[in-house]
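Chain and residue survey
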Amino acid sequence: MKITGTFLDEISHDIPHQNWGREEWDRDFAAMKSIGIDTVILIRCGHRRFITYPSKFLMEHEGCYRPPVDLVDLFLELAEKYGMTFYFGLYDSGKYWHNRECEREMEISRAVADEVWSLYGNRKAFGGWYLNFEVSRASAGIIELYAGMGRHVKQLSGNLPTMISPYIDGIKAIGDVGVKDDSIGVTQHEQEWNAILKGIQGAVDIVAFQDGHCDYHELADYLRINKKLTDRYGMTSWTNCETFDRDMPIRFLPIKWEKMLLKLEAARAAGIEKAITFEFSHFMSPNSCYRAAGHLFDRYREHFSL
Amino acid sequence: MKITGTFLDEISHDIPHQNWGREEWDRDFAAMKSIGIDTVILIRCGHRRFITYPSKFLMEHEGCYRPPVDLVDLFLELAEKYGMTFYFGLYDSGKYWHNRECEREMEISRAVADEVWSLYGNRKAFGGWYLNFEVSRASAGIIELYAGMGRHVKQLSGNLPTMISPYIDGIKAIGDVGVKDDSIGVTQHEQEWNAILKGIQGAVDIVAFQDGHCDYHELADYLRINKKLTDRYGMTSWTNCETFDRDMPIRFLPIKWEKMLLKLEAARAAGIEKAITFEFSHFMSPNSCYRAAGHLFDRYREHFSL
Amino acid sequence: MKITGTFLDEISHDIPHQNWGREEWDRDFAAMKSIGIDTVILIRCGHRRFITYPSKFLMEHEGCYRPPVDLVDLFLELAEKYGMTFYFGLYDSGKYWHNRECEREMEISRAVADEVWSLYGNRKAFGGWYLNFEVSRASAGIIELYAGMGRHVKQLSGNLPTMISPYIDGIKAIGDVGVKDDSIGVTQHEQEWNAILKGIQGAVDIVAFQDGHCDYHELADYLRINKKLTDRYGMTSWTNCETFDRDMPIRFLPIKWEKMLLKLEAARAAGIEKAITFEFSHFMSPNSCYRAAGHLFDRYREHFSL
């Protein structure tokens, strides 16, 4: 079960920035390519006031700062150069949908998608959309948000595939700190996600659950349920293999290779179609500012003889 | 708006030590010089029991540890070698002035200043004093502390310039954790700092507010007020551009270049005279233990064609 | 007072993993050797479900994961290659003895020791046992645990030496966060540890207190008491010189050289026989992912002219 896709963590809200320019990004796309990565997913095109491309709409309506570089343009260019498919992650206001104002969030998100498609829709590498609303349960409004945005961007772009990456309400799903005593468990997970997937059928093509919120020995069970549910609704199951370590006091540094391997094995056992990661450039790259990431890259290549 | 000064973070209370020796410091002063830094400011000569030079007074009266290296001597030597002006930061007991014992703090601080001037006052690079008491508001005793120490060291040293570096009581001014809902706002900021600057006129020459405690789009307003107030009292306004990122869970790693640029632009718009940073060696240097600092250095040089 | 031993932090529960393979470990043992390290101590052979060698017992009875590499085998091989003595750290369930089920912990620990001795007891470098239960006070059951396990492994292995590494209940002994106002103080420390050492006489040979939980100027007093007590019961006193910095908000990065030196001087003054560290590979090694560790290595070598 090899990693063949990665998120691009621009804009981040909790991972410190590496301050890369064009040259550094080019070198990192080459490193991705060298281990078989064919898909890159911009995790979001903006968060609060920071944005990845000079969005006229967001600067005018949400007070966003004009970015010094057009990263969407850069990533599309590099994706094309290295023969990769680029997924575009929508805008996250950081407030509206978190405060039950999903309608307002969707209004902005639609306008951003329209603008983006008119600016970059003709680019060769533009191959899909990432609906960047991350939830673990059937919270109020999430079905409408996924379904509404999924349908909108598919219609806009000639039915390009759409992806979501939810998380499991496991023992590590408590903000960024520690471990909680209980989780909703596999039965309730199945019930709630059955309802969600049913409600977003036709609007969402790919479900890539984050794999870091439950214990390692619990993961295979969750992945099997996820696979069963996506099969039921004609969707595709990917796994989002987190390459940062959720078990350490420093939040976050690269994961221990043994843990990553356990998670990939669980995904393979569950028949998951494709593995992507959050994310290569900080946590698994020889170019990362964290040296343990380069060693993870080496262990990964050794294991798969790459 | 280029960075032409930096703090030297010895002794630190919250930034992990890089364990540099003479050779590493020399290399870092060369890197500073290469981008036009002409001013270095020792943030404090001691904190609690750790001190930067073998102070007979502090070892005898405050139980301080004898340092393995005389960093004041080393920094003065390197400042002279690279043609820089050195500001000397006073001692911070870490207890007296924090516990409303400003008189005791001042007594110690005066003795330290006297000792330092007798030891290093003849050194060519010794060009000013940093009054290292950092406050955001008109807290009890701070006017007396700034004014008393400012007058003392100016008299001692033939009127060498004195600097303070307060912070703004903005949404990020809550210890080291998270964001608070309110701040005192620009109106009250102006009132309180008008009172403080009025009270320390003649004793303090340079006011270099830290620029990291309010949101990026709020900064220009605060800086304009700061400039208006320092103009009113015949002082000089510098900006202390923080090069670490206050928005991340790891406290602290290098700032995102885009954020730094926003802050420098705000300082330029407000007519600030000079930009210094806290601080080059950890957060902006190619020699830093944090690799993202080297990339920040590269982005900074690209932007200013250095 | 030179460092001549180091823990090997596999498996860690709070230090992020470096993802080293055979080549990286070999290089690091060479670096250890270069400064005179002759003793390596595996801090534990397993923690919860993660283990260092493919223990049939732990995989069957405790649901442990099969490790991708046999680290015990690797470390024994490298210890032999570099002429070092290897101490084997017992298993830590992470639950039983923490929840007053010392009997259950001991049952598992005995089985693991038996298995380990049958697998690796014939290896040339296998030179001792580390009883990895870390306490600061005479907590319920700890005497029985130390004594029971110490006697068991000594009997098993022809009386190989046993070591413990407790910590001082000082101002920094409050989990991983901050500083507390009080500690039990030297008098009660002496009373409680007198009782513990008396109770484990004959079962434990070496007591290597961790040196990071009290303030620097308090350490010598504690070490003198430790030395007096171990002398009384015919044991050997080592110091476990922590090379990570407990005073910083990032938990944990390499310690400031000055602090390390203060602690080594205190150990020398107290007549401690040998200094080991927790631990070389992350915090003091030129190969560490933390660059400040390499600089600490340089400062250390300069000081001792190594």
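Just so you know, these numbers come straight off a predicted model, no measurement behind them.

Observations concerning the sheet that holds strand E10 (residues 236-242) of chain A
All names here are of chain A. Read around the closed barrel, eight strands run E1-E2-E5-E7-E8-E9-E10-E11, paired in parallel fashion. Each adjacent strand pair in this sheet contributes to an overall mean axis angle of 30°, direction not counted. Inspection of the sheet shows strand E5 (residues 85-89) paired to strand E7 (residues 126-130) by four bridges, in the parallel sense. Looking at the pairing, Gly 89 lines up with Tyr 130 of E7. Relative to strand E8 (residues 162-164), helix H5 (residues 142-156) is tilted by about 155°, and along the sheet it contacts E7 and E8. Along the sheet, helix H7 (residues 219-232) makes contact with strand E9 (206-210) and E10, crossing E10 at roughly 150°.

With respect to the pairing of strand E11 (residues 274-278) of chain B
Two faces, one strand: in a regular strand the side chains alternate between the faces of the sheet. Residue and element names in this part refer to chain B. Burial runs high along E11: five of the five residues are buried. Side chains of E11 alternate between two faces, with Lys 274, Ile 276 and Phe 278 and Ala 275 and Thr 277 buried alike. Pairing between strand E10 (residues 236-242) and E11: five bridges, direction parallel. The residue bridging Asn 240 from the neighbouring strand is Ile 276, located in E11. Traced from E10 through helix H8 (residues 257-269) to E11, the parallel crossover comes out right-handed.

With respect to the sheet that holds strand E5 (residues 85-89) of chain B
Residues and elements named next belong to chain B. Overall, parallel pairing links the eight strands, which are arranged E1-E2-E5-E7-E8-E9-E10-E11 in a closed barrel. The sheet shows a mean angle of 30° between the axes of neighbouring strands, taken without regard to direction. Those strands touched by helix H3 (residues 71-81) are strand E1 (3-8), strand E2 (39-42), E5 and strand E7 (126-130), and its axis lies near 160° from that of E5. The strands touched by helix H5 (residues 142-156) within the sheet are E7 and strand E8 (162-164), with E8 carrying the most contacts at an inclination of about 155°.

Here's the deal with the environment of Gly 202 of chain A
All names here are of chain A. Here Gly 202 is to be found in the loop between helix H6 (185-200) and E9. Classification of Gly 202 by relative accessible area gives exposed; the value is 53%. Taking the C-alpha atoms as reference, Gly 202 lies 9.6 Å from Lys 154; in sequence the two are 48 residues apart.

What about helix H5 (residues 142-156) of chain C?
Residue and element names in this part refer to chain C. In a regular helix each residue adds 1.5 Å, so 15 residues correspond to 21 Å; H5 covers 21 Å between its end C-alpha atoms and thus fits that length. What H5 keeps buried is the set Ile 142, Leu 145, Tyr 146, Ala 147, Met 149, Gly 150, His 152, Val 153 and Lys 154. Close packing links the buried residues of H5 with helix H4 (102-120), strand E7 (126-130), strand E8 (162-164) and helix H6 (185-200). Of the residues trailing H5, Gly 158 is marked for its positive phi of about 70°.

A few points about the state of the cysteines
Residue and element names in this part refer to chain A. Considering all chains together, one arrives at zero disulfides over all chains under this definition. Here Cys 45 stays free of any disulfide, with the sulfur of Cys 64 as its closest cysteine sulfur at 8.8 Å. For Cys 45, a relative accessible area of 0% corresponds to the buried category. Cysteine Cys 102 is unpaired, with the sulfur of Cys 45 as its nearest cysteine sulfur at 17 Å.

Here is what the cut-offs are and how they apply
Residues numbered from 1 in each chain as written. Chains lettered and ligands numbered in written order. Predicted model: local features only at pLDDT ≥ 70, side-chain atom pairs only at ≥ 80, totals over all residues. Heavy atoms only, no water. Pairing = 2+ DSSP bridges. Helix = DSSP H or I, 4+ residues; strand = E, 2+ residues; numbered from the N terminus. Axes fitted to C-alpha atoms, helices over the stretch in contact; angles between N-to-C directions. Contact = heavy atoms within 4.5 Å. Buried < 20%, exposed > 50% of the residue type's maximum accessible area, 1.4 Å probe, protein only. Right-handed = clockwise from strand over helix to strand, strands pointing away. Expected span 1.5 Å × (residues − 1). Disulfide = S-S within 2.5 Å.

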